[in-house]
Amino acid sequence: MESLSGLFCLRLPASARLAPARRRERPCRGGCLAALVFVGIVLQYNSLLGQPLEEAIPPPRRFRVTRAASEIQVDAVLDEPAWSHAVAIDLPFEWFPGDNVRPPVETECRVTYDTDNLYLGCRAFDPAPKQIRARLADRDGVTSEDDHLGFLLDTFNDQRRAFQFRVNPLGVQMDAILSTSEGEEDSSWDAIWNSAGRITAEGYVVELAIPFRSLRFAISQEARTWGFIAVRSYPRRDRHEIGSSYNDRDNTCRLCQANNLYGLEGISPGRNLEFVPTVTASRTEAREDFPWGDMVSDGLEAETGLTAQWGLTPSLILNAAVNPDFSQVEADAAQLEVNERFALFFPEKRPFFLEGADFYATSIQAVFTRTVADPLAGLKLTGKQGKNAVGAIATLDRINNLTLPSNQMSIPTSLDQDVAAAVLRYRRDAGRASTFGVLYTGREAEGYHNHVFGLDGYWQISRSNEVSFHYLRTYTKYPTDFATIWGQKTGSFVGNGFTINAWHESRNWMGGVSYEDFDPDFRADAGFVPRVDIREIDGFLARKFWGRPEGWFTFIGVGAWVNRKQDHDGRLTEQSIGLVTGYEGPLQSELNVQFGVFKEHFDGVIYDLNRAEVTFKIRPSAQLSVSFTAALGDEIDFANSRKADNLRLIPGVQLRIGRRLRIGLNHNLQRLSLRGEKIFAENLFQTGLSYHLNVRSFVRVVLQYRDVSRNPDLYSAPVVPEEDHLFTQFLFSYKLNPQTVLFLGYSDNRLGLHEIALTHTDRTFFFKVGYALRL
């Protein structure tokens, strides 16, 4: 249910994490190598590492839903006659830290519906209501740190994809899509629905009205059956996760264990038509001659745009945008940039691309919509009928963003030309929860093209075992002058990419192997694949130990990994072997420790490196969360081609004052040194302050300060000794729903260099308003 940092997803060797798998999480690339023989045994003889393959578990509970006996007003009171006649669903299973034991608190939910909406109402009883953890937050700001209730709706009842709705005791909303094949939640999905929350003397009450037009499901003359799970997060000394369905820790498929809601009749998602006109205005001033020139502005720039959505059928949605507003008002989290060889990843945040984004997710990230920067128009089609799902995206962009990958580095660049891009996707369900699909992405411009064709599949062999694969073939051509300047091939060239993963996860063990192969000519310009000319095999094996509620630990994991990468000429690129352990305990504390021995190739030399990392998190009270990461060991100084000593410290604090004010502080320090003498030090300080006026509106201040100091005597080429960057943003936000919004804000950037104090480089005032009109 949760999308938590502690999930058993290890991104090794760079950042190992061990924590309980509260839902199935896909194995992450960069992992490790338990033996191939081990995984073969696991796939064939599951009983060796967990419960017998056909272990009897309780059948899904079934609940008959009836029509509402009266009108319902969403106010978190639940006093209408409809609620007394609605089916009652309790939450009798504690999933974590207990294993399907009786939970410490009781929860009663009721479900009913009318022609337009599905209604959910819950009473969450609490023996100490003053200890309820709830705060006002931006939409999608509900986390495991809050008390909240959540609901999964598998509207196709195919155990592959579910709509998720969460609400905290104050009515703050979060929604997401859960995909079984991808094993992760996509919280970028936004729907229009209504909710309310209220803290009472007995606990708290939440009430939801979810319009059927915000969901997708097949039309049928017969009564429908939907998969359904209700989940309650109850964070106190431990964070208790409580559910309405039995949760088998030997089963990686959460939706396969869902309750059934049956009896839904006379409902339809409709062929709803939705228009979202937007007006965006901004005024930017920039200093053309830094640092002494004047700030110059081109005046006020205003644009109007229109995004439309049309349900061609109840399960097939067409989105179109003319002069679309693809702006984002949320600042990207800054990242350290010094001594990095490969392009940094920033997640998509623009609404047009977010809906249905999980449908295009595959093992290889062949679709990364942030490559679309300044489009003239966009078109998107998504839908499912029976076992078949289809999707398409088409855009016309004013700039052609590219990443030039290789084995040793990647180079982000662009071509100043219009580019037409398209994505086509088809996926077919198979078996209980398996899928197979095809994918095409294409980009065309003058003198340039990149076409990618692929096959992918996800096969759930048993409750605890799965295999996924993805194969892509690419056809690329760069403009001749561009290819010559950047050292790329001239003329057309062909590349291939392939990955396969085998994964086992049961109550007490988890492990797997993966293989990945990208040849030197592989290019996925519509995606994010910053490294090619690589063959990688890795694997992982871990033992899990479960504690008891109120014990000194709730979870401990101990694991090991091995990893090897080489280029297509057989030269070693990277190799590592290491150990990792994870702990969870009282006060929602987490401790992860890893140590690894590495070999890494750079500039013709193979370096022997030892690295260790410790991460600790704790929430001593409802108002305070503290985290700290320390990494030390050997690192390659890429600017000077030598081995150096690396230290990285990342302390963080989240402070909540009352229910309205939240302050976040984060510092990221990296220091590279040679025999005790500093080569460079990079400090990144980020702080955010949010004050919420109510559930729908807030004001926020963001500061990001970066300071880089270098020792010119230890560099082989001239460098800037000192540089500072300061970014500030002020924002007022009002959201009636995800599409009806008002933003007012200001942002600026300052740059400081050696002997030049921080000086404005640019500043922008912006305004945006959008209104969702449903017909």
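Bear in mind that the values here come from a model prediction, so they are computed numbers and not experimental data.

(A) Region of interest: the overall build of the protein chain. The helix and strand inventory of the protein chain stands at four helices and 41 strands. Each of the 775 residues in the protein chain was classed as buried or not, and the buried ones make up 56%. In the protein chain, once contacts between residues fewer than 6 apart in sequence are set aside, the share between residues at least 24 apart is 61%. Roughly 31600 Å² of accessible area belongs to the protein chain as shown, and the carbon and sulfur atoms make up 57% of that amount.

(B) Quick peek at the pattern of salt bridges. A complete count under the given rule lists 41 salt bridges for this structure. We note a salt bridge from K735 to D138, for which the minimum N-O separation is 3.3 Å. Within this pair, whereas K735 is found in strand β38 (residues 722-735), its partner D138 is found in the loop between β5 (117-125) and β6 (148-154), the two being separated by 597 residues in sequence. For K565, the salt bridge is made with E536, and the minimal N-O distance between the two is 3.7 Å. In this pair, K565 sits in strand β29 (residues 555-566) while E536 sits in strand β28 (residues 534-546), placing the two residues 29 residues apart along the sequence. E536 sits in the buried class, given a relative accessible area of 6%. Each of D99, D248, R249, D250, R463 and R507 takes part in one network of salt bridges that share partners.

(C) Spatial organisation of the packing of aromatic side chains. For the structure on display, the rule yields 25 aromatic pairs. Geometrically, the ring pair formed by F212 and W226 is edge-to-face, given 6.2 Å between the ring centres and 75° between the ring planes. Within this pair, whereas F212 is found in the loop between β11 (203-211) and β12 (224-235), its partner W226 is found in strand β12, the two being separated by 14 residues in sequence. Residue F212 is classed as buried on the basis of its relative accessible area of 1%. The buried category is assigned to W226, whose relative accessible area is 0%. On the basis of an interplanar angle of 65° and a centroid distance of 5.4 Å, the ring pair of F368 and F528 is categorised as edge-to-face. With F368 in the loop between α3 (351-354) and β18 (375-385) and F528 in the loop between β27 (509-518) and β28, this pair connects stretches of sequence that are 160 residues apart. Both residues of the pair, F368 and F528, belong to the buried class.

(D) How the structure looks around a nonpolar patch on the surface. Together, V626, V653, L655, I657, L665 and F685 give the surface a local cluster of nonpolar side chains, amounting to about 420 Å² of exposed area. With three residues, the single largest contributor to the nonpolar patch is strand β34 (residues 642-657). With respect to the element layout, V653 can be found in strand β34. V653 sits in the partly exposed class, given a relative accessible area of 31%.

(E) View of the confidence of the model for the protein chain. This prediction gives the protein chain a mean pLDDT of 86; 88% of its residues lie at or above 70. With pLDDT under 50 throughout, residues 341-345 is counted as low confidence; its partners more than four residues away or in other chains account for 28 contacts.

(F) Just the state of the cysteines, in detail. Taken as a whole and assessed by the stated rule, the structure comprises two disulfides. The side chain of C109 participates in a disulfide bridge whose partner is C122; the two sulfur atoms lie 2.1 Å from each other. Negative torsions about the S-S bond denote left-handed disulfides, and the value of about 110° found for C109 with C122 makes this one right-handed. Of this pair, C109 sits in strand β4 (residues 107-113) while C122 is found in strand β5, placing the two residues 13 residues apart along the sequence. Residue class for C109 comes out buried when judged on its relative accessible area of 1%. Through a disulfide, C253 is tied to C256; the S-S separation comes to 2.1 Å. Here the S-S torsion is close to 80°, and the disulfide linking C253 with C256 is therefore right-handed.

(G) Just the sheet that holds β11, in detail. Sheet architecture is open: five strands sit in the order β2-β4-β5-β11-β10, paired in antiparallel fashion. Across the chains shown, the open sheet's two edge strands, defined by having one partner strand only, are β2 (87-90) and β10 (194-200). Sheet twist, expressed as the average angle between the axes of neighbouring strands with direction ignored, equals 15°. Pairing analysis gives four bridges linking β2 to β4, with the strands arranged antiparallel. Within the sheet, the bridge partner assigned to I89 lies in β4 and is C109.

(H) Seen up close, the environment of G487. Topologically, G487 is positioned in the loop between α4 (480-486) and β26 (493-505). In sequence terms G487 and L404 are 83 residues apart; their C-alpha atoms lie 9.7 Å from each other.

Calculation criteria
Residues numbered from 1 in each chain as written. Predicted model: local features only at pLDDT ≥ 70, side-chain atom pairs only at ≥ 80, totals over all residues. Heavy atoms only, no water. Helix = DSSP H or I, 4+ residues; strand = E, 2+ residues; numbered from the N terminus. Buried < 20%, exposed > 50% of the residue type's maximum accessible area, 1.4 Å probe, protein only. Contact = heavy atoms within 4.5 Å. Areas by Shrake-Rupley, 256 points an atom, 1.4 Å probe, with all protein chains shown as cover. Salt bridge = Lys/Arg side-chain N within 4 Å of Asp/Glu carboxyl O. Phe/Tyr/Trp six-rings, centres within 6.5 Å; stacked < 30°, edge-to-face > 60°. Patch = residues over 30% accessible without salt bridge, like charges linked within 9 Å, V, L, I, M, F, W, Y side chains within 5 Å. pLDDT = per-residue confidence, 0-100. Disulfide = S-S within 2.5 Å. Pairing = 2+ DSSP bridges. Axes fitted to C-alpha atoms, helices over the stretch in contact; angles between N-to-C directions.

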